[in-house]
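These are the residues of each chain, in order.
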Amino acid sequence: MRKPAGHTIQPPDLLPDVMNPTPNTAAATFLAFDGVVKAYPGTRRRALDGVTLSVPRGAFFGLLGPNGAGKTTLLSMLVGRIAPDAGSVRVGGRAIGREVLATIGMSPQEPAIYPTLSARENLEYFGRMQGLRGAHLKERVQFCLDLAEISDAADRRVEQFSGGYKRRLNLVIALIHEPEILLLDETTVAIDPHSRSLIHQRLRELHASGVTIVLSTHYMEEAEQLCQEIAIMNHGRLVIQGRVEALLAAQANDTLVLMLDREPPLALLARLQATPGLRDVVVEGRRILASASPQRLGALLELLRESGVEARSLAYGGGSLEQMFLNLTGAEQEAA
Amino acid sequence: MNLSHFAMFLASVWKEMRVISRDRLALVVFFVMPVLFVLILSLALRDAFGERPGAGFAVLVADADGGTVGQAVVEALRGNPHLRLVLGGHYSEQDIRQAVREGRYKFAVLIPAEASARARRRVADIAAGVPADLVMEPPVELRLLSDPALRGDYRVVLEGGLNLALYAAEMKLARLQLEKNLRALMGKAALTLPQPNDVHVFSPVRHESVSGGRGGQLPTSVQQNAPAWTLLAMFFLTVPLSVSFIREREQGSLFRLQAMAVPSWVVLGGKAALFFGINQIQMALILAASVYVLPLLGGDRLDPGQHPTALLLLGGSASLAAIGFGILVALYARTAEQATSFSAAAIMIMAALGGVLVPKAVMPLFMQQVSVVSPLAWGLDGFLEVFVRGGSIRDVLPDAARLIAFSALCHGIARLRYERRI
């Protein structure tokens, strides 16, 4: 796994100040995993290996980790489809059961919808399965269609939908019964920027209205933008948990973060690496990370202008979740 | 079960109906193909079943005699409604053999010239007291040429019929000879013995079917094919059933329903109810076609019997058994391809064992004993009880009970599997 040079992320045991920054009391903790262990039959490695994790009520919580880290297993435990071998999973102090499940909306990784039914029929069906009836059901269906901005295609078969429309429908089906908790499993994978932006906007609105959201994602940028608190998992273990700002502040250093107006040309990277006073240059999409003294900033900006790109923002010490993620999961994998 | 769950169940059935109704090809496969299949097979196998040996077969009688013997043979064969008689006394034996070889006639009866005269001469010598083995005139020989592809039992039946006709001719010739001898002996100009047909020492054999027993009675083509292929269609419907279930699992909609804590019986029952309805429509269509359409095409009409409730019970229990099997396969198969190939193979084995492909009545005894393991055999036995032996609901109860027990077992295992948390 790629590991940006020049950034040193302290391992979890050296970050006691950012681990579980929210007091883990019964009042604050809404979703609680306590020493959860799970091993699937026929596999040597545990899918979850003693995970203790808490999510406060009303949080926008990011669950990060590479494939096989145990994120989907955790979410599946919350909806009662997987039982822990040891430990406990509780929601609002209650074990997972029919009453708890009625408060949860789940948006699975792949659009869990009936392709030969229309969007409206899908919403009506899942609404009925949540116990909604009559005028209330109609009202909720229309609300969800509007929320996803797919009212224009409400009566079209879903198999004719674009990927973005399917993802939006997949999300709002989870909201049909006005859940207190929304679980999102890689909800914005492989969709167009417009749909992703719309989904992000809706998630912010839902969070503002008091819904507790748990987002499992690969996209660090997405987690950074949306989540207040995150947990990073690897190989079934919790690597780190904390508030996003606190975690990012913990890795503040002399790293210069430049956000450009567009992705830089390839030749620019070589010129940056050859520029005296700049070290550990990394280009990530529109973002450039480098160790640089403030005295070299003028020369750097000039170089950008010559290459035809402009800096939109510039900051020091801004580590990113992605760097932290790569360092932590990379370290874990090496240890494993 | 509460009202809310029942409303969910109705919604689940409604959803399944919508999904299926939008698949036109599936509708053709469900309803049109089984009916066509039964019509085609019932017509094609019309003469291979039941009590119709030689039905509609063309038989050529080459009567080079034209006398008493030829008349007796022709009359005997004319009396058989299943034979189409063609008289061709002028054909040469070579032409006749060629015609049989080409399949234009299944049988040809060759009556030699002078057969009646020779028979009369032999009767006269025997009546005059000459020992039979010293009579100069040898017995008259009739020959029967047959298509080698024809079932042996048909040939035996025809041989028996011909021998009976010859025996009648022999008796007639003997009576005439006896009259002649008596007239000469008694010096009377006219003396007539009673005609054998007027004697009636024995009344004709009266046939009576005895219902209630099983086996030993071959159904007609339509009696065998209509229920057999109805059952096969019901069980083959488990393939789309399990595939639709697996597709839902792959799409994630099943996971979503499970995450909503929708009761298992709502999800499984929604599918089962729809496919149960499809099965009943299939059966009604096949039976209707067998009763009303098949006779128009030249086939036998299916007599649905006097006990429609017995048919309803059998149709319902066979459908439940098939659906239980389909859901069980769906829950254990990992992919749709796996479910399809396994179901198809398993159903064909059950059908072969159950007398669907080959009637149980023509199977060897040990195969008939093995066939009791097949749910299709239970269903078919029940239907044959109604169609062939006029069975009532009481007669088919054991078969229906076996099917329902099989269904309950499959559904029970499937439900446990569905609800199992990993």
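Scroll up to find the structure.
What you see is a predicted model, and the numbers here were worked out from it, not measured in a lab.

### Structural notes on the overall build of chain B
Counting secondary structure elements, chain B contains 16 helices and four strands. Relative to its full complement of 422 residues, chain B shows a buried share of 46%. Across chain B, contacts joining residues at least 24 apart in sequence account for 79% of those joining residues at least 6 apart. Of the roughly 21500 Å² of accessible surface on chain B, 63% is carried by carbon and sulfur atoms.

### So, the interface of chain B and chain A
On the side of chain A, 34 residues touch chain B, which itself brings 29 residues to the contact. Both sides of the chain B and chain A interface together cover about 2900 Å² of buried area, and 57% of this is carbon and sulfur. Linking chain B to chain A there are two salt bridges. Note that R22 of chain B is salt-bridged to E121 of chain A, the shortest N-O span being 2.7 Å. For the interface between chain B and chain A, the tally reads twelve residue pairs in polar contact (both at pLDDT 80 or more). Those elements giving two or more residues to the side of chain B that touches chain A turn out to be helix 1 (3-21), helix 9 (238-251), helix 10 (253-259) and helix 16 (393-419) of chain B. It is helix 1 of chain B that contributes the most residues to the side of chain B that touches chain A, nine residues altogether. Here the residues of the side of chain B that touches chain A are counted per class, giving 14 nonpolar, seven polar and eight charged.

### Here we look at the nonpolar core
Judged by nonpolar contacts, the single largest core of 132 residues is most densely connected at L169, L182 and L203 of chain A. Sorting elements by how many residues they give to this core places helix 12 (residues 308-332) of chain B first, with 13 residues. Apart from residues lying up to four places away in sequence, L203 of chain A is in contact with F60, L171, L182, L184, I213 and L226 of chain A. Of all hydrophobic cores here, the second largest spans 31 residues; its members include F33, V36, L53 and L78 of chain A.

What counts and what doesn't
- Residues numbered from 1 in each chain as written.
- Chains lettered and ligands numbered in written order.
- Predicted model: local features only at pLDDT ≥ 70, side-chain atom pairs only at ≥ 80, totals over all residues.
- Heavy atoms only, no water.
- Helix = DSSP H or I, 4+ residues; strand = E, 2+ residues; numbered from the N terminus.
- Buried < 20%, exposed > 50% of the residue type's maximum accessible area, 1.4 Å probe, protein only.
- Contact = heavy atoms within 4.5 Å.
- Areas by Shrake-Rupley, 256 points an atom, 1.4 Å probe, with all protein chains shown as cover.
- Buried area = accessible area lost by both parts, 1.4 Å probe.
- Salt bridge = Lys/Arg side-chain N within 4 Å of Asp/Glu carboxyl O.
- Polar contact = N/O pair within 3.5 Å; in protein donor to acceptor, adjacent residues only side chain to side chain.
- Nonpolar A, V, L, I, M, F, W, Y, C, P; charged D, E, K, R; others polar.
- Core = buried A, V, L, I, M, F, W, Y, C linked by side-chain atoms within 4.5 Å.

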